[in-house]
Amino acid sequence: MSRLTQAIENVTAQGDKAFIPYIMAGDGGLETLKPTILTLQKLGVTAIEIGIPFTDPVADGPTIEEAGYRALQAGASLRTVLEELQTFRDDITVPLVAMTYLNPILAFGVELFAIEAKEAGIEGLIVPDMPLEESAIIHDALRVAEIDLVQLVSLTSPAERIAKITAASEGFVYAVTVNGITGARQAFHEELSAHFNNLATYTTKPILAGFGISTPAQVEQLGQLGSGVIVGSKIVDALTKNDWATIEALIAASKQSALRA
Ligand SMILES: O=P(O)(O)OC[C@@H](O)[C@@H](O)c1c[nH]c2ccccc12
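Residues numbered from 1 in each chain as written. Predicted model: local features only at pLDDT ≥ 70, side-chain atom pairs only at ≥ 80, totals over all residues.

**Thoughts on the confidence of the model for the protein**
Note that predicted coordinates carrying low pLDDT should not be read in detail. What counts is decided by this rule: Confidence scores per residue from the predictor, reported as pLDDT, run from 0 to 100.
Averaged over every residue, the pLDDT of the protein is 94; the share at 70 or more is 98%. The ipTM assigned to the predicted complex is 0.98, against a pTM of 0.96.

So, in structure tokens, the structure goes:
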């Protein structure tokens, strides 16, 4: 079992839910990356998804797109983010999951990327614009570096697609809870619990809910569907305002055992 999967299973074994915040590396300046990561891990997050800013972010909603723009302005790129992470690698205790597009990885060089990413503490990777069928391009290099390639399953994936994605996904299965782009939502699809029950018939890997989760109540509610949640836009927004109270409340809602006590 990978360290990423293990981290999630450790949390669920205690009766809690996994909580993975997404941050945009370089938003607010690259020098904020270290304090942000170290504070999040001190607050008890399960893992951290690190977005690498990219000029053409297809799946990102406005909050993350704007954060990406600010990060690019501040000089963040795949190379500078990996270099920055390597400077405090020994302080990082939670698994990092990098979120980046295929182009920057190819430009960097697949083998070199895998080696440098591993040295930066990255144990999982999400490449939203890479179809499963194309993943062979990077998969061998990732396997050598022991980096999990996390796959996303959507609400509209047909049965045979769900079977393929859940079988291929490493670390956990990222279950997208809304149709469309990232960003806060008011309401979720009524059939969500049937969808998650269906996903669970395909795999014993942890299934995490992500997209549109922005309140503690939603963390609690959507966390129940599987092994936990991923929260992006709301975290990015709170970090811009230096609003750690909001972040702490979101994390607390994943600690179900504490809520019951
Ligand atoms: O921002 P949201 O709605 O909370 O959703 C998580 C999401 O931001 C994060 O996981 C993410 C950011 N960019 C992505 C692109 C594709 C898939 C996932 C992502």
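**Some points on the environment of Leu152**
Counted only if it meets this: Counting from the N terminus, the helices are DSSP H or I runs at least four residues long and the strands are E runs at least two residues long. What counts as a contact here is a pair of residues whose C-beta atoms, placed from the backbone, lie within 7 Å.
Looking at the element boundaries, Leu152 is found in strand 6 (residues 151-153). Residues Leu152 and Val229, spaced 77 residues apart in sequence, show a C-alpha to C-alpha distance of 13 Å. Discounting chain neighbours no more than four positions away, the residues touching Leu152 are Pro128, Tyr174 and Val176.

**Describing the packing of helix 6 (residues 110-119) against helix 7 (residues 136-145)**
Axis angle and axis distance: for two packed helices, these are the angle between their axes and the distance between the axes, and together they describe the pair. Rules: Axis lines are fitted to C-alpha atoms, over the contacting stretch for helices. Their N-to-C directions set the angle, which ranges from 0 to 180 degrees. Two helices cross in a left-handed way if the nearer one is turned anticlockwise from the farther one by less than a right angle. They cross in a right-handed way if the turn is clockwise. Amino acids are sorted into nonpolar (Ala, Val, Leu, Ile, Met, Phe, Trp, Tyr, Cys and Pro), charged (Asp, Glu, Lys and Arg) and polar (every other residue, Gly among them).
Two elements in contact, helix 6 and helix 7, have axes separated by 9 Å at closest approach and are oriented at 35 degrees. The way helix 6 lies across helix 7 gives a crossing that is right-handed. In this structure, helix 6 uses Val110, Glu111, Ala114, Ile115, Ala117 and Lys118 to contact helix 7, whose residues at the interface are Ile137, Ile138, Ala141, Leu142, Val144 and Ala145. Partitioned by chemical class, the residues of the contact of helix 6 with helix 7 number ten nonpolar, no polar and two charged.

**A few points about the pairing of strand 2 (residues 48-51)**
For clarity, the threshold we go by: Using C-beta atoms placed from the backbone, we call a residue buried if 20 or more other C-beta atoms fall within 10 Å of its own, exposed if 12 or fewer do, and partly exposed for counts in between. By the convention used here, strands pair only if DSSP detects at least 2 bridges between them. The definition of a right-handed crossover adopted here requires that, viewed with the strands pointing away, the path from the first strand over the helix to the second runs clockwise.
With burial as the criterion, each face of strand 2 is covered, one bearing Ile48 and Ile50 and the other bearing Glu49 and Gly51. Pairing between strand 1 (residues 18-24) and strand 2: three bridges, direction parallel. Directly across from Tyr22, in strand 2, lies its bridge partner Glu49. As a crossover connection, the stretch from strand 1 through helix 2 (residues 33-42) into strand 2 is right-handed. Taken together, the four bridges between strand 2 and strand 3 (residues 96-99) define a ladder with parallel strand orientation. Its bridge partner being in strand 3, Ile48 is matched across the sheet by Leu96.

**Quick look at the environment of Pro128**
Of note, Pro128 is situated in the loop between strand 4 (122-126) and helix 7. A sequence separation of 41 residues divides Pro128 from Ser169, and the C-alpha atoms of the two residues are 13 Å apart. Those residues within four positions of Pro128 in sequence are excluded, and the remaining contacts are Val58, Ala59, Tyr101 and Leu152.

**Considering the site of the ligand**
In plain terms, the rule: Here is the check we use: build the C-beta atom from the backbone, and if it is within 6 Å of the molecule or strand, call the residue near.
Near the ligand lie 20 residues; those nearest to it are Ala59, Pro128, Thr182, Gly232 and Ser233. Among the secondary structure elements, those contributing two or more residues to the shell around the ligand are strand 2, strand 9 (228-231) and helix 11 (233-240). A per-class count over the shell around the ligand returns ten nonpolar, seven polar and three charged.

**A closer look at the pairing of strand 1**
Most of strand 1 is tucked away: seven of the seven residues are buried. Side chains of strand 1 alternate between two faces, with Ala18, Ile20, Tyr22 and Met24 and Phe19, Pro21 and Ile23 buried alike. One ladder, built from four bridges, connects strand 1 with strand 9; its direction is parallel. In the strand pairing of strand 9, Ile20 is matched with Ile230.

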